[in-house]
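Observations on chain architecture
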Amino acid sequence: MKRLVPALLAALLISGGAYAQSINVGPGGVSVDTRSPRERAVDREIRRDDRRDRYDRRRERDWRADRRGDRCRTVTTERETPRGVVRRTSRVCD
């Protein structure tokens, strides 16, 4: 077993090539991320744009609700469970 893990990691590094940027060893096994640095940057940019779009849509929705005169409020309920207090926050519009 002592020789198996280093041999497995070496084999993964060699088979992954120059693009193996991340090797994860865990209880589920060994995984290698073989994406190139450029592909990683593109994925990061896509996620960043998605977050920005969601933020803009949320701000626009809140602005429209304020302009329409909707009466909305945030309600936080607390519930006691065996593991502690659970807080749930929801938006209520009258």
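How each quantity is defined
Every residue gets a number counted from 1 within its own chain, in the order that chain's sequence is written. With pLDDT at 70 or above as the cut-off, local features in this predicted model cover only qualifying residues; side-chain atom pairs require 80 or more to be listed or tallied, and sums for whole chains, interfaces and linings still use all residues. Computation of side-chain values covers all heavy atoms of the structure but excludes hydrogens and water. Secondary structure elements follow DSSP: runs of H or I of four or more residues count as helices, runs of E of two or more count as strands, with numbering from the N terminus. Buried means the residue's accessible area, taken with a 1.4 Å probe over protein chains only, is under 20% of the maximum for its type, while exposed means over 50%, and partly exposed covers the values in between. When checking whether two residues touch, look at their non-hydrogen atoms; a contact exists if any pair is within 4.5 Å. Residue-level accessible areas treat just the shown protein chains as cover; the underlying method is Shrake-Rupley with a 1.4 Å probe. Pairing between two strands is assigned when DSSP locates at least 2 bridges connecting them. In the sections that follow, a salt bridge refers to a side-chain nitrogen of Lys or Arg positioned within 4 Å of a carboxyl oxygen of Asp or Glu. Put simply, a patch holds well-exposed residues, over 30% relative accessible area, that have no salt bridge, with like charges counted together within 9 Å and Val, Leu, Ile, Met, Phe, Trp or Tyr side chains within 5 Å. Positive charge is attributed to Lys and Arg, negative charge to Asp and Glu, and no charge count is given to His or to the chain ends. For this purpose, a charge sits on NZ of Lys, CZ of Arg, CG of Asp or CD of Glu. pLDDT is defined as a per-residue confidence score from the predictor, taking values between 0 and 100.

**Here's the deal with the overall build of the protein**
Of regular secondary structure, the protein possesses two helices and four strands. Its helices and strands taken in sequence order, the protein reads α-β-β-α-β-β from the N to the C terminus. Looking at the protein as a whole, 6% of its 94 residues are labelled buried. Long-range contacts, defined here as pairs at least 24 residues apart, represent 0% of the contacts in the protein between residues at least 6 apart. Accessible surface for the protein amounts to roughly 8600 Å². Of this, 50% is attributable to carbon and sulfur atoms.

**Considerations on the pairing of strand 1 (residues 22-26)**
Bridging between strand 1 and strand 2 (residues 29-33) involves five bridges; their strand directions are antiparallel. From the neighbouring strand, valine 25 faces strand 2, where its bridge partner is valine 30. Linking strand 1 back to strand 2 in an antiparallel pair, the connection comprises two residues.

**Notes on the pattern of salt bridges**
Tallied over the entire structure, the rule returns four salt bridges. With its nearest N and O atoms 2.4 Å apart, the salt bridge here joins aspartate 43 to arginine 35. Between glutamate 78 and arginine 87 there is a salt bridge, with its nearest N and O atoms 3.0 Å apart.

**Looking at a positive patch on the surface**
Taken together, the side chains of Arg44, Arg47, Arg51, Arg54, Arg57 and Arg58 define a basic patch exposed on the protein surface. For arginine 57, the location among the structural elements is in helix 2 (residues 37-68).

**Focus on a nonpolar patch on the surface**
There is a patch of nonpolar side chains on the surface, built from Leu8, Val25 and Val30 and spanning about 240 Å² of accessible area. Within the secondary structure layout, valine 25 lies in strand 1. With relative accessibility at 54%, the residue valine 25 sits in the exposed group.

**Details of the confidence of the model for the protein**
Low-pLDDT stretches of the model should not have their predicted coordinates read in fine detail. Chain-level pLDDT for the protein is 80 on average; 81% of the residues reach the 70-or-more range. For the protein, per-element mean pLDDT is lowest for helix 1 (residues 4-16), which scores 70, and highest for strand 3 (residues 72-81), which scores 88.

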